[in-house]
Amino acid sequence: MMAVEVSQLQVEFSDFTLGPVDIRVEDGIVAILGPNGSGKTTLLRAINGLVPRAKGRATFGDADLMGRDPAGLRWCAYVPDGDEMLFSELSLHEFWAFYTDIRERSFGDDRQELLTRAYDFAERLSLSPGRVRLGEFSQGMRRKAQLITGLMTEPKVLMVDEPQNGLDFVSSHEVRRILGEVRDAGNIVIMSNHDLDSVARVADSIVVLREGAVVGRSSARFASADECASYVAAYFA
C-alpha cells in the first residue's frame with residue numbers, strides 16, 4: 001500500500017522550530033490539530049516542498065514530495081489556506097481553463113473530464129461565479145474555488161489547510177461529505193482544522209502539534225467535538 005511517509009522533517013526559523021516530525025499515513029483522513037503558531041501550516045507547506053529551508057524527507061510511494069517530483073505533483077494535491085493558488089485577475093472560468101490545460105500538457109489528463117468534475121463540485125457547493133474576477137470573490141467563494149481546484153484531479157493524496165475556513169454552515173457540511181467521499185474512494189486526506197466538530201465527524205486519526213513538536217497521536221475516532229477537545233486539551237494542561 002502506498003503511503004505518505006514523513007521522516008525527520010525539520011524547519012528552523014529564528015524564533016521557531018518545527019520538528020523533527022515523523023508521520024506515516026496509509027489511508028483515511030488525518031487531522032493535524034494545535035493552536036495558532038504550532039506549526040500546522042508550516043508542516044503542510046514543507047511536506048509539499050514549499051519551504052526551501054526544510055530538511056528531512058516526505059514521500060508518497062517513490063515520489064519525493066519535498067523535491068516537487070512530477071509523480072507527486074500528479075497524484076497529490078495541496079490546497080493552502082491563502083490565495084496563492086488563485087490568479088486574482090482571471091475569472092474562475094478562465095483560471096480553470098488555464099489550470100486544466102496545464103494538467104493536460106503536463107500529465108495527459110483529460111481536460112474536459114477535469115472541467116466536468118469542477119463544475120459538478122461547483123454545483124454541490126453552490127458556487128456560481130459568473131464572470132467576476134477571482135480577486136473580487138468573497139472569502140467563502142475563494143475557499144470553494146481552491147477546494148474544487150484540488151479536488152477536480154481526483155488526487156490520491158489531498159492535503160488541505162483549514163478546508164472549511166470562511167464557509168457557511170451548509171457549505172461546510174457539504175465539504176465534510178466530500179472529504180468523506182475522497183477517503184471512501186481509497187485515498188488519503190491530510191488536513192489541518194480548528195473545527196473540532198468536523199474533526200470528530202470525519203477524521204480517522206489526529207496528530208497534535210505544540211510549539212512545533214508532535215506531542216500526541218490518536219488512531220481512534222471521537223464520538224463528539226467535546227471528546228476531541230478534551231483529548232487535545234490534555235496536551236496543553
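If you're wondering where the values come from, they're calculated on a predicted model, not measured in any experiment.

Along its length, the protein chain carries eight helices and ten strands. The C-alpha atoms of the protein chain give a radius of gyration of 17 Å, which matches the 18 Å a tight globule of 237 residues would have. Along the three orthogonal principal directions, the C-alpha set of the protein chain runs to about 50 × 35 × 35 Å. Across the 237 residues in the protein chain, those meeting the buried criterion constitute 50%. Roughly 11200 Å² of accessible area belongs to the protein chain as shown, and the carbon and sulfur atoms make up 48% of that amount.

To continue, consider the pattern of salt bridges. The final tally for this structure, using the stated rule, is 14 salt bridges. One salt bridge connects arginine 24 with glutamate 5, and the closest N-O pair in it is separated by 2.4 Å. Separated by 19 residues along the polypeptide, arginine 24 in strand β2 (residues 17-25) and glutamate 5 in strand β1 (residues 4-12) bring together distant segments of the chain. The class of arginine 24 is partly exposed, set by a relative accessible area of 45%. Assessed through its relative accessible area of 25%, glutamate 5 is described here as partly exposed.

Across the sheet, which stays open at both edges, the six strands sit in the order β6-β7-β8-β3-β9-β10 with mixed pairing between neighbours. Strands with a single pairing partner mark the edges of an open sheet, and in this sheet they are β6 (76-79) and β10 (213-218). Taken over all neighbouring pairs, the strand axes of this sheet differ in orientation by 15° on average, direction set aside. Alignment of strand β7 (residues 157-161) against strand β8 (residues 188-192), held across five bridges, turns out to be parallel. Its bridge partner lying in β8, valine 157 is registered against isoleucine 188. In the packing of helix α6 (residues 169-184) onto the sheet, the strands contacted are β3 (28-33), β7 and β8, and the crossing angle to β3 comes to about 125°.

Counting 43 residues, the largest nonpolar core has Leu92, Trp96, Ile148, Met191, Val199 and Ile206 as the members making the most contacts within it. Per-element tally for this core: the top contributor is helix α4 (residues 111-124), with five residues. If we skip the residues at most four places from it in the chain, leucine 92 touches Leu127, Pro129, Val132, Leu134, Phe137 and Ala145. Counting 29 residues, the second-largest nonpolar core is a separate cluster that includes Ile32, Ala58, Leu65 and Cys76.

Turning our eyes to something else, we now look at the sheet that holds strand β4 (residues 55-60). If you trace the four strands from one edge of the open sheet to the other, you get β2-β1-β4-β5, paired in antiparallel fashion. Strands at the two margins of the open sheet, each flanked by one partner only, are β2 and β5 (63-64). Relative to β5, β4 runs antiparallel, the two sharing two bridges. Within β5, the position partnered with phenylalanine 60 by the bridge is alanine 63. Most of the contacts of helix α1 (residues 40-47) go to β1, to which it runs at about 120°, and overall it touches β1, β2 and β4.

Now for the packing of helix α3 (residues 92-107) against α4. Running from amino to carboxyl end, α3 crosses α4 at an angle of 140°, the nearest separation of the two axes being 9 Å. Between α3 and α4, the crossing angle belongs to the class labelled oblique. Viewed along their axes, α3 and α4 form a crossing whose handedness is right-handed. Judged by residue contacts, His93, Trp96, Ala97, Thr100, Asp101, Arg103 and Glu104 of α3 engage Arg111, Leu114, Leu115, Ala118, Tyr119 and Ala122 from α4. For the contact of α3 with α4, the class distribution of residues is seven nonpolar, two polar and four charged.

Each value, and the rule that gives it
Residues numbered from 1 in each chain as written. Predicted model: local features only at pLDDT ≥ 70, side-chain atom pairs only at ≥ 80, totals over all residues. Heavy atoms only, no water. Helix = DSSP H or I, 4+ residues; strand = E, 2+ residues; numbered from the N terminus. Rg over C-alpha atoms; globule rule 2.2 N^0.38 Å. Buried < 20%, exposed > 50% of the residue type's maximum accessible area, 1.4 Å probe, protein only. Areas by Shrake-Rupley, 256 points an atom, 1.4 Å probe, with all protein chains shown as cover. Salt bridge = Lys/Arg side-chain N within 4 Å of Asp/Glu carboxyl O. Pairing = 2+ DSSP bridges. Axes fitted to C-alpha atoms, helices over the stretch in contact; angles between N-to-C directions. Contact = heavy atoms within 4.5 Å. Core = buried A, V, L, I, M, F, W, Y, C linked by side-chain atoms within 4.5 Å. Parallel < 35°, antiparallel > 145°, perpendicular 65-115°, else oblique. Left-handed = near helix turned anticlockwise from the far one by under 90°. Nonpolar A, V, L, I, M, F, W, Y, C, P; charged D, E, K, R; others polar.

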